[in-house]
Amino acid sequence: MRKHSPGRKTTSKPLLVVVYGLKTADHTYFNLFYPARRLAQEAENRGIPLRFLFPAEVPAFLDARDPGIAPDNTLFLFRGSVPVSIIELVERRGFTAINPSRAVRLSCDKRETARFLAKHGIPHPRLFGPDEVRTLQWPVVVKPRFGSRGTGVRLVSGPEVIPAPDTPDGEYLLQEYIEPSHGRDFRVFFAFDRILAAVERRAGNSRSGERDLVSNTCTGGSMHPSPFSPPVPDTVAALTAEIARKTGLEYGTIDFLYATQVPDPSQLLVCELNAFPGFTALEKEGGFDIAGPLIDALAGLFFSE
């Protein structure tokens, strides 16, 4: 994967600022929130001071002009649902943002993600325009243009059940249904020059006993070992590196769909990119260490002497 220049030499004590976009503004929650505790633990193990902020606190933090906080010794890591405008503010002040705003903007917009994949010839499920509704081969997948955690994603059997283009939940997209991958996908978690985890995710069953479409663990899905040997085939590793390089994502996940009933690494489709991936299930259920290598990568990139 991509190679980085040596870390900046700092003239004062380095600081890692982790900005978390959560539904709470209570700092005591960070003591309970598993991924926050893991990041804090791994930073402490490496002697890197870490401070948590919520997005709304970032402007005041930057305006305080603390002499010990400067672009050469402070790195911002963004997690959760962080507005792109906050990341752009950090960048305008000269600080390094992980992930950078341009990568976040692309990854969080499923339409722009599809356009990026098409531009670079990367296999992906096709998106359909409104003028194609009458000629579609049903079923199709309906999903929010902006969203995460599988919220709002469902399989529809005809145009009468498609949400209006402008709904209270935002714009919806129509995506090609990849039947062999129904209720399962292949997720790769990468950080800088390493792939940290690769797993198959499987959806739970609905009340009727049929497998749900969405495989996210937060909606009842489960995590399983990679179906491939090696767990990350060379073709997948190369494609992951290409996507990271061309999008500017420093860390994230790529969700692949299976184009065949028996998973074939040469027959994968890129479904989505994630610039703020969670890793609780990967560590707790998959047995992977995500927080440690992620902090190591940040330290090597930015805080090396």
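This one's a predicted model, so the numbers in the text were calculated from it and none came from an experiment.

Draft legend 1. Geometry of helix 8 (residues 291-303). For helix 8, a buried count of 11 out of 13 residues is recorded, marking the element as mostly surrounded by other parts of the structure. Listing the buried residues of helix 8 in full gives Ala-291, Gly-292, Pro-293, Leu-294, Ile-295, Ala-297, Leu-298, Ala-299, Leu-301, Phe-302 and Phe-303.

Draft legend 2. Structural view of the sheet that holds strand 5 (residues 127-128). With antiparallel pairing, four strands are arranged side by side in an open sheet as 5-8-6-7. Where the open sheet ends on each side, the last strands, each with one partner, are strand 5 and strand 7 (154-156). Of the strand pairs in this sheet, strand 6 (residues 140-144) and strand 7 are connected by three bridges, and their pairing is antiparallel. In the sheet register, Val-142 faces strand 7, and the bridge partner there is Arg-154.

Draft legend 3. Spotlight on the pairing of strand 6. Counting buried positions over the five residues of strand 6 gives five, a clear majority of the element. The two faces of strand 6 match: Val-140, Val-142 and Pro-144 on one face and Val-141 and Lys-143 on the other face are all buried. Relative to strand 8 (residues 172-175), strand 6 is paired through four bridges, and the arrangement is antiparallel. The residue of strand 8 that forms the bridge with Val-142 is Leu-174.

Draft legend 4. Quick look at the packing of helix 3 (residues 84-92) against helix 4 (residues 101-108). Interhelical geometry of helix 3 versus helix 4 gives an angle of 165° and a closest axis separation of 9 Å. As far as their axial angle goes, helix 4 and helix 3 are roughly antiparallel. Seen from above, helix 3 lies across helix 4 with left-handed handedness. Contacts between helix 3 and helix 4 involve Val-84, Ile-87, Glu-88 and Glu-91 on the former and, on the latter, Ser-101, Val-104 and Arg-105. Among the residues making up the contact of helix 3 with helix 4, the classes are represented as three nonpolar, one polar and three charged.

Draft legend 5. Summary view of the environment of Phe-302. Here Phe-302 is to be found in helix 8. Residue Phe-302 is classed as buried on the basis of its relative accessible area of 2%.

Draft legend 6. Structural view of the packing of aromatic side chains. One pass over the structure, following the stated rule, counts 12 aromatic pairs. Judged by centre distance (6.3 Å) and plane angle (45°), the ring pair of Tyr-20 and Phe-52 falls under tilted. Here Tyr-20, found in strand 1 (residues 15-21), pairs with Phe-52, found in strand 2 (residues 50-53); they are 32 residues apart in sequence, far enough to count as distant. Assessed through its relative accessible area of 2%, Tyr-20 is described here as buried. Judged by its relative accessible area of 13%, Phe-52 is buried. Where Tyr-29 meets Phe-33, the ring centres are 5.2 Å apart and the plane angle is 25°; that geometry is what we call stacked. For Tyr-29, a relative accessible area of 33% gives the class partly exposed. Linked through ring pairs, Tyr-20, Tyr-29, Phe-30, Phe-33, Phe-52 and Phe-54 together constitute an aromatic cluster.

Cut-offs and rules
Residues numbered from 1 in each chain as written. Predicted model: local features only at pLDDT ≥ 70, side-chain atom pairs only at ≥ 80, totals over all residues. Heavy atoms only, no water. Buried < 20%, exposed > 50% of the residue type's maximum accessible area, 1.4 Å probe, protein only. Helix = DSSP H or I, 4+ residues; strand = E, 2+ residues; numbered from the N terminus. Pairing = 2+ DSSP bridges. Axes fitted to C-alpha atoms, helices over the stretch in contact; angles between N-to-C directions. Parallel < 35°, antiparallel > 145°, perpendicular 65-115°, else oblique. Left-handed = near helix turned anticlockwise from the far one by under 90°. Contact = heavy atoms within 4.5 Å. Nonpolar A, V, L, I, M, F, W, Y, C, P; charged D, E, K, R; others polar. Phe/Tyr/Trp six-rings, centres within 6.5 Å; stacked < 30°, edge-to-face > 60°.

From the geometry alone we can't say anything about function, so treat these as descriptive.
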